[in-house]
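Given next are the chains, with one letter for each unit.
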Number of protein chains: 4
Amino acid sequence: MSPSFDIVRSGHIEFLVRDLAEARRFYVDTLGFVLTQSDPNHLYLRGLEDRHHHCLVLTRSDTPGVGHISFRLRGQSDLEGVELLLKAKGCATRWVEGDEESGQGRAVRAQDPLGFPVEFYGWMEPKEWLVRKFQEHRGGRVMRLDHFNLLVPDVAAAYSWYSEGLGFGCTELTETEGAQPELWAAWLRRKPTCHDVALTTGRGPRVHHAGFFVTDRGAIMDCADVLASTGYASSIERGPGRHGISNAFFLYLRDPDGNRLELYTGDYLSADPDWEPIRWKLNDPQRQTFWGAIPPQSWFNDAMEVRDFESGAFVPIASPKLQEKPDYAVEIR
Amino acid sequence: MSPSFDIVRSGHIEFLVRDLAEARRFYVDTLGFVLTQSDPNHLYLRGLEDRHHHCLVLTRSDTPGVGHISFRLRGQSDLEGVELLLKAKGCATRWVEGDEESGQGRAVRAQDPLGFPVEFYGWMEPKEWLVRKFQEHRGGRVMRLDHFNLLVPDVAAAYSWYSEGLGFGCTELTETEGAQPELWAAWLRRKPTCHDVALTTGRGPRVHHAGFFVTDRGAIMDCADVLASTGYASSIERGPGRHGISNAFFLYLRDPDGNRLELYTGDYLSADPDWEPIRWKLNDPQRQTFWGAIPPQSWFNDAMEVRDFESGAFVPIASPKLQEKPDYAVEIR
Amino acid sequence: MSPSFDIVRSGHIEFLVRDLAEARRFYVDTLGFVLTQSDPNHLYLRGLEDRHHHCLVLTRSDTPGVGHISFRLRGQSDLEGVELLLKAKGCATRWVEGDEESGQGRAVRAQDPLGFPVEFYGWMEPKEWLVRKFQEHRGGRVMRLDHFNLLVPDVAAAYSWYSEGLGFGCTELTETEGAQPELWAAWLRRKPTCHDVALTTGRGPRVHHAGFFVTDRGAIMDCADVLASTGYASSIERGPGRHGISNAFFLYLRDPDGNRLELYTGDYLSADPDWEPIRWKLNDPQRQTFWGAIPPQSWFNDAMEVRDFESGAFVPIASPKLQEKPDYAVEIR
Amino acid sequence: MSPSFDIVRSGHIEFLVRDLAEARRFYVDTLGFVLTQSDPNHLYLRGLEDRHHHCLVLTRSDTPGVGHISFRLRGQSDLEGVELLLKAKGCATRWVEGDEESGQGRAVRAQDPLGFPVEFYGWMEPKEWLVRKFQEHRGGRVMRLDHFNLLVPDVAAAYSWYSEGLGFGCTELTETEGAQPELWAAWLRRKPTCHDVALTTGRGPRVHHAGFFVTDRGAIMDCADVLASTGYASSIERGPGRHGISNAFFLYLRDPDGNRLELYTGDYLSADPDWEPIRWKLNDPQRQTFWGAIPPQSWFNDAMEVRDFESGAFVPIASPKLQEKPDYAVEIR
């Protein structure tokens, strides 16, 4: 019998930044991430709700982008099962020991079948929970990582990998218009919320954004105020607003290197296994912004390129099979 | 000695609408205004905090726009003083009795020196205060009228009328760039908040919007949700966001006839008579939206035309002496 | 191999009420529960986020109290495994068909080893999701059931049943003071939040309250305002405030029959299987109310008695083995 | 013609504290007051919205209490008129120069007819407005002073002094029960909000609390969280909750010396001169707390004694003519 594995949730992400000091000002001093550890090439950050070492690694690099995305497994004994599956899919893999990424146990990395540098880990060093240290809550009062949003040329194939390969369930999806609708985007989850991973049609593999959970709409508005009063107004790319999909209240930010993150709150519990996916049509204007505002073009065009997990080179990007944007987004400049 | 008068605050506004039933759905059922009285040609609405008959009159008309704006005087004995001043300025005036506008005492109307149809009144019929009837609070939980925003070709002249003629104080102002800055916009108040009237350079006389006060940011966000779930997403024109000027949190709406109103909260007390106006440069991107987002072109281009107080015809519009928009607004489509 | 089962979450609860019309005024018209179905003896209610038939059943009865608590299983095929376990523990069980409790599939009921009438079900009829119908959100905008809080004479024994028998994990616990601390209370979960079930030392078996999830602190405050303006001020028993345990923001209510429910928001994700329970001392004054206010005596003394699942008689109550209240609660009247 | 004067608003208050360092930790580091100036015997604090030197003076003293309350006049030319009135009422007065109280122009002090040490001033040194420096907003994000709440043995006499002598209008009042109701408390204003001064029946002259305005309910809840996580849970005396009178959302705090302040938000505009006072009965349980919770006994019993403006001795206290507490407060311990 092949060894099984169980993914608990999206775990952490590695953003590539050119200037760690500037990144620290943005993420720690302004947004309110907690600095767990730093070395000349990395900042390891966690949210106020995290009880482990990090949910965001900032790595010094000449070029911005994403080093890897990472999923938390139930335990270390699940590693072997994931490695086996990846290899069976023809993916190169390698073991990452604690000294390569601080604060975490032995982990397996791979370029997944979609081309993303992905890591699976089963243990992380415990760290202080700051939920009740309210005097240290700042900026957006970021609680924890919530999800990754990935751009892929072929959502149907990506969906198959995440659902059949990795065991994700689908909470919401978007289909193209017409009599023969095709899957254009999907929101997939292991933890019972709206999602751990969203797959969207686009030039990829690229990471559109990482979503971080905050307590409520007030935290998002307060964060916008603090960004605006500390010279980061231009970091606010879209929002605040409410999504149709996920029902979440959001604010999209670009860090000083252009990497994108979302502050996100107010989605729902999706625990029941008979959850029927909520279906949206691509051109429904309330799908992306329930209140109707159309995202700026940068939000459609820009995304973070990803590294080859072995060479560190950026992975080549392919064009999508389906239309890249809703019709209303094509029309705007 | 000439009779004196004392303006207490901006009082109410008359919006022209083509379909009273549709307007009622928008203002009463959705936004949460309170219907005080109706007849075949009018809806008289008040906010939850109003203790008087109305702060918004909706009048049936073939063409949308503004019938008149109105200021509350200390009492009926102040009417004569205002009339005298208007006449001294060469403005035609006439008396409005209670049967022309329901729920209000004798009032004086005029076309003011700026071309706006303006009314002054000193008494209005008391009505139930609904602040503590929380079960009837709906939509945006609109509390009361806060201000008028007027577009005028010559802000300096308009400023002079409001400050010297009517006794308004200035809380904030906008100047053009350069070594010889000129007054481009001014926020003026009688009640000690940010403003009762804003004067902005533009094609005028036109009313850009009427601002209505709501309790907090939550009411504004809840209102956007309700608008979006009742088919009014396209009524949301701009926001939510925070203004630089006024520091208020805002949402701009267009009613089914295109008339514009603002939900507004979180400005400040400006009671001290030595208040020094806060000065802004026209091209400061944080002036209009503290968070940096540029308003849509409709917000710059559209405004409500105003009626001649005698003939009911719409008042001809003149072009402004100074530039009509900030530079950043000229550049966007 | 014995059949396995998997509890997904706390599912619903049955409150006994003397007057369904009065209960409907409280739960539906005021708190904002959604009425899915009614018959002369029952109201079936759901929250705005529920996609199934009910999370709260109100049953007409001469005496208030709790008819049963109920857990959602992964599916109908899990029923047999639960029944087997209950029988192995010596509990009487019986099958409940859809016609006994509307909107739900075949279910198994039992008097559990702690004396509670408990039901397990694996299917419920889908119903409309009202999350995005914001115009219908009222009162406390109740989203869904979150947890049951149970009073038991022997927490250690109850803990063993829920953890070893039913597979619950522990997120937080309370111990008595002294060198030999004993387990006084435990917060246990299947879904990865703070809890699905809390076990507290007390005269039992009794249900202290059912907790219902709401979106944010604003919903709780708005609900208190609506309760107070509709004659239900005396229904507000405790709060609003923040718990130390769970970190949640809360409001405790008593329905017209004295049954107790909690509006609850702002706990945390507890997905990681290596979650180390957060430990509290019984007499820590910030444990119950982080802000320090001591709950009223009614909150310590009153709770809902539970029915025998077969006879319908109320189950006899036993005194706890450990002290019934924190020291500070003994001292107040 | 006697010189006239015009009181603009309640201006500032002087609290006596035993330890300036501890007071600074509480007011500046925790509540978020802004430190404008300090010397070995004083801290001069302002709110985020204040554009002047201070709204709260903390003065080192062996005994806590209130040094003086102070009202802002329209300008320096109003000083003479106030002095004249005070002298006409038989009150001793003296001039305070800028070197006695920093940051303020020449002022007149007196023991008013009610026995309170009161100051009137017409100019204060401008200071930076921190409304838009959101990164410096902390704790309760205190904006400005809002009102004083005074305990007096004879409310009718005090009402007469404030209304006829000083020109205050009445927004709300409380009467005793019965066929011959007597005035038990009154809320009086110069600025058009609920109040600048509240007069309540009690042993006096004493100051019950000073009310400080905060932006919204979120600021109050966040402040309670910060107080609780920094060791100040016992400083939270009452609330959060909503008042019936004033409709404001409140939190009552005791500073480390026992002086009482209120964080206060959400009252209303009372600009119209024909405002009819809102009337309450003394024993209406929703008058003090709209949600019904009875304040703790300390809230009824404790208040700040006031100094003789010349000798510095504390002013003797007299018992009230009417009942000291609502009936429901007498009954509780």
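Residues numbered from 1 in each chain as written. Chains lettered and ligands numbered in written order. Predicted model: local features only at pLDDT ≥ 70, side-chain atom pairs only at ≥ 80, totals over all residues.

**Q** Honestly, the overall build of chain A in this entry has me stumped. Any pointers?
**A** Scanning chain A for helices and strands turns up seven helices and 18 strands. At 19 Å, chain A has a C-alpha radius of gyration in line with the 20 Å of a compact globule built from 333 residues. In terms of overall dimensions, chain A has C-alpha extents of about 55 × 55 × 40 Å along its principal axes. Per-residue burial over chain A gives 59% buried out of 333 residues. A separation threshold of at least 6 residues defines the contact pool for chain A, and within that pool the share at least 24 residues apart is 69%. (Helix = DSSP H or I, 4+ residues; strand = E, 2+ residues; numbered from the N terminus. Rg over C-alpha atoms; globule rule 2.2 N^0.38 Å. Buried ≥ 20, exposed ≤ 12 C-beta atoms within 10 Å, placed from the backbone. Contact = placed C-beta atoms within 7 Å.)

**Q** Even after reading the chapter, I still don't get the interface of chain A and chain B, so can you show me in this structure?
**A** Where the parts come together, the accessible area they lose is often given as the size of the interface. With 15 residues of chain A at the interface, the matching set in chain B holds 15 residues. Elements that contribute at least two residues to the side of chain A that touches chain B include exactly α4 (217-229) and β14 (236-242) of chain A. For the side of chain A that touches chain B, the element with the highest residue contribution is α4(A), accounting for five residues. Taken together, the residues that form the side of chain A that touches chain B break down as eight nonpolar, three polar and four charged. (Nonpolar A, V, L, I, M, F, W, Y, C, P; charged D, E, K, R; others polar.)

**Q** I keep staring at the sheet that holds strand β7 (residues 107-111) of chain D and nothing clicks. Help me out?
**A** Within a sheet, neighbouring strands are paired by backbone hydrogen bonds and run either parallel or antiparallel to one another. Residues and elements named next belong to chain D. Ordered by their spatial adjacency, eight strands build an open sheet running β2-β3-β4-β1-β5-β8-β7-β6, and the pairing between neighbours is mixed. The open sheet has two free edges, formed respectively by β2 (34-39) and β6 (93-96), since each of these has just one partner strand. In this sheet, neighbouring strand axes are inclined to one another by 20° on average, regardless of whether the strands run parallel or antiparallel. As defined by bridge partners, β7 adjoins strand β8 (residues 117-121) across five bridges and the pair is classed as antiparallel. Opposite A110, over in β8, you have V118 as the bridge partner. With respect to the sheet, helix α1 (residues 20-30) is in contact with β1 (7-17), β2, β3 (42-46) and β4 (56-60), its orientation differing from that of β3 by roughly 10°. Contacts from helix α2 (residues 79-88) reach β5 (65-73), β6, β7 and β8 within the one sheet, and its direction differs from that of β7 by about 15°. (Pairing = 2+ DSSP bridges. Axes fitted to C-alpha atoms, helices over the stretch in contact; angles between N-to-C directions.)

**Q** What should I look at first to understand the domain arrangement of chain A in this one?
**A** Residues and elements named next belong to chain A. Partitioning chain A into domains gives domain 1 (7-121) and domain 2 (140-331). For domain 1 versus domain 2, the separation of C-alpha centres amounts to 19 Å. Counting residues at the interface gives 40 residues for domain 1, matched by 42 residues for domain 2. The set of elements that each furnish at least two residues to the side of domain 1 that touches domain 2 consists of β1 (7-17), α1 (20-30), β5 (65-73) and β7 (107-111). (Domains from an automatic or database assignment.)

**Q** Could you clarify how one ought to interpret the interface of chain C and chain A in this entry?
**A** Taken together, the contact between chain C and chain A spans 23 residues of the former and 23 residues of the latter. Taken together, the residues of the side of chain C that touches chain A break down into eight nonpolar, four polar and 11 charged.

**Q** Would you mind showing me how to read the relation of the copies chain A and chain B here?
**A** One copy of the chain maps onto the second through a rotation about an axis and a displacement along it. Expressed as a screw operation, the relation of chain A to chain B combines 0.0 Å of axial shift with a rotation of 180°, fitting to an RMSD of 0.0 Å. The operation mapping one copy onto its partner corresponds to a two-fold rotation axis. For chain A, the residue whose C-alpha comes nearest the rotation axis is P240(A), separated from it by 3.5 Å. A share of 100% of the interface residues of chain A reappears at the interface of chain B, consistent with the copies meeting face to face through the same patch. (Least-squares fit on C-alpha atoms with pLDDT ≥ 70 in both.)

**Q** Can you walk me through the relation of the copies chain C and chain A in this structure?
**A** With an RMSD of 0.0 Å, the operation that places chain C on chain A is a rotation of 180° combined with a shift of 0.0 Å along the axis. Of the interface residues in chain C, 100% have counterparts in chain A that sit at the interface too, so the contact is made through matching surfaces.

**Q** Honestly, the nonpolar core in this entry has me stumped. Any pointers?
**A** Considering soluble globular proteins, one finds that nonpolar side chains tend to be buried as a cluster. L199(B) and L199(D) are the most contacted members of the largest nonpolar core, which has 202 residues in total. In contact with L199(B), not counting residues within four places along its chain, are L150(B), V152(B), V155(B), A158(B), Y159(B), Y162(B), A185(B), A186(B) and L188(B). Y162(A), Y232(A), F148(C) and A210(C) belong to the second largest nonpolar core, which has 201 residues in total. (Core = buried A, V, L, I, M, F, W, Y, C linked by C-beta atoms within 7 Å.)

**Q** Even after reading the chapter, I still don't get the sheet that holds strand β7 (residues 107-111) of chain B, so can you show me in this structure?
**A** All names here are of chain B. With mixed pairing, the eight strands of this open sheet are ordered in space as β2-β3-β4-β1-β5-β8-β7-β6. Taken across any chain shown, the strands that pair with only one partner, and hence form the sheet edges, are β2 (34-39) and β6 (93-96). Going from strand to strand, the sheet's axes swing by 20° on average, the running direction of each strand aside. Relative to the sheet, helix α2 (residues 79-88) contacts β5 (65-73), β6, β7 and β8 (117-121), its axis offset from that of β7 by approximately 15°.

**Q** Where do I start with α1(A) in this structure?
**A** At 3.6 residues per turn, the α-helix brings residues three or four places apart onto the same side. Residue and element names in this part refer to chain A. Every buried residue of α1 is accounted for by A23, F26, Y27 and T30. Each buried residue of α1 sits inside an arc of 125° when the element is viewed along its axis, so together they form one side. Buried positions along α1 lie against β1, β3 (42-46), β4 (56-60) and α4. Where α1 ends, the next residue or the one after it, G32, has phi of about 95°, a positive value. (Arc of directions from axis to C-beta.)

**Q** Help me understand the environment of D112(B) in this model?
**A** With respect to the helices, strands and loops of the structure, D112(B) is situated in the loop between β7 and β8. With 104 residues separating them in the primary sequence, D112(B) and V8(B) have C-alpha atoms 18 Å apart.

**Q** Explain the confidence of the model for chain A here, please?
**A** If pLDDT is low for a region, its predicted coordinates should not be looked at in detail. Of all residues in chain A, 98% attain a pLDDT of 70 or more, and the chain-wide mean is 96. Two summary scores accompany this predicted model of the complex, namely pTM at 0.97 and ipTM at 0.96. (pLDDT = per-residue confidence, 0-100.)

**Q** Would you mind showing me how to read the environment of A198(C) here?
**A** Residues and elements named next belong to chain C. Inspection of the secondary structure assignment puts A198 in strand β12 (residues 197-201). As for A198 and W299, which are separated by 101 residues in sequence, their C-alpha atoms are 15 Å apart. Sequence-distant contacts of A198, defined by excluding residues within four places in its chain, comprise H147, N149, L150, A185 and W187.

**Q** Is there a simple way to think about the pairing of strand β4 (residues 56-60) of chain B in this case?
**A** For a regular strand, side chains alternate in direction, first toward one face of the sheet and then toward the other. Residue and element names in this part refer to chain B. Taken across its five residues, β4 has four buried, putting it largely inside the fold. In the sheet, strand β1 (residues 7-17) pairs with β4 via five bridges, with the strands oriented parallel. Looking at the pairing, L16 lines up with T59 of β4. Taken together, the four bridges between strand β3 (residues 42-46) and β4 define a ladder with antiparallel strand orientation. Along β4, the bridge assignment pairs Y44 with V57.

**Q** Teacher, can you tell me more about the environment of W95(C) here?
**A** Residue and element names in this part refer to chain C. Mapping W95 onto the fold places it in strand β6 (residues 93-96). Through-space distance from the C-alpha of W95 to that of L79 is 9.8 Å; in sequence the pair is 16 residues apart. Discounting residues that sit within four places of it in the chain, W95 has contacts with R106 and V108.

**Q** Explain the pairing of strand β16 (residues 260-265) of chain C to me, please; I cannot follow it from the model alone.
**A** Residue and element names in this part refer to chain C. β16 sits mainly inside the fold: six of its six residues count as buried. Covered by surrounding structure in β16 are R260, E262 and Y264 together with L261, L263 and T265, the residues of both alternating faces. Of the strand pairs in this sheet, strand β13 (residues 206-214) and β16 are connected by four bridges, and their pairing is parallel. Looking at β16, one finds that G211 is bridged to E262. Pairing of strand β15 (residues 249-254) with β16, which is carried by six bridges, proceeds in the antiparallel orientation. When the sheet's bridge partners are listed, R254 is paired in β16 with R260.

**Q** Please explain helix α4 (residues 217-229) of chain C as it appears in this structure.
**A** Residues and elements named next belong to chain C. For α4, spanning 13 residues, the distance from its first C-alpha to its last is 19 Å, which sits close to the expected 18 Å at 1.5 Å a residue. Extensive coverage of α4 is indicated by the burial of 13 of its 13 residues. One or two steps after α4, the chain reaches G231, where phi turns positive at roughly 90°. (Expected span 1.5 Å × (residues − 1).)

**Q** Quick question: what am I supposed to make of unusual backbone geometry here?
**A** Where the residue is not glycine, phi is negative for most of them; where a peptide bond is considered, it is trans in most cases. Geometrically, the link from G204(A) to P205(A) is a cis peptide bond, its omega value of 10° lying close to zero. Along the chain, P205(A) falls in the loop between β12 (197-201) and β13 (206-214). Geometrically, the link from G239(A) to P240(A) is a cis peptide bond, its omega value of 5° lying close to zero. Phi at N247(C) is positive, roughly 60°, even though this residue is not glycine. Mapped onto the secondary structure, N247(C) falls in the loop between β14 (236-242) and β15. Taking the C-beta count within 10 Å as the criterion, N247(C) has 20 such neighbours and is therefore assigned buried. In this structure, S246(D) is a non-glycine residue whose phi angle is positive, near 85°.

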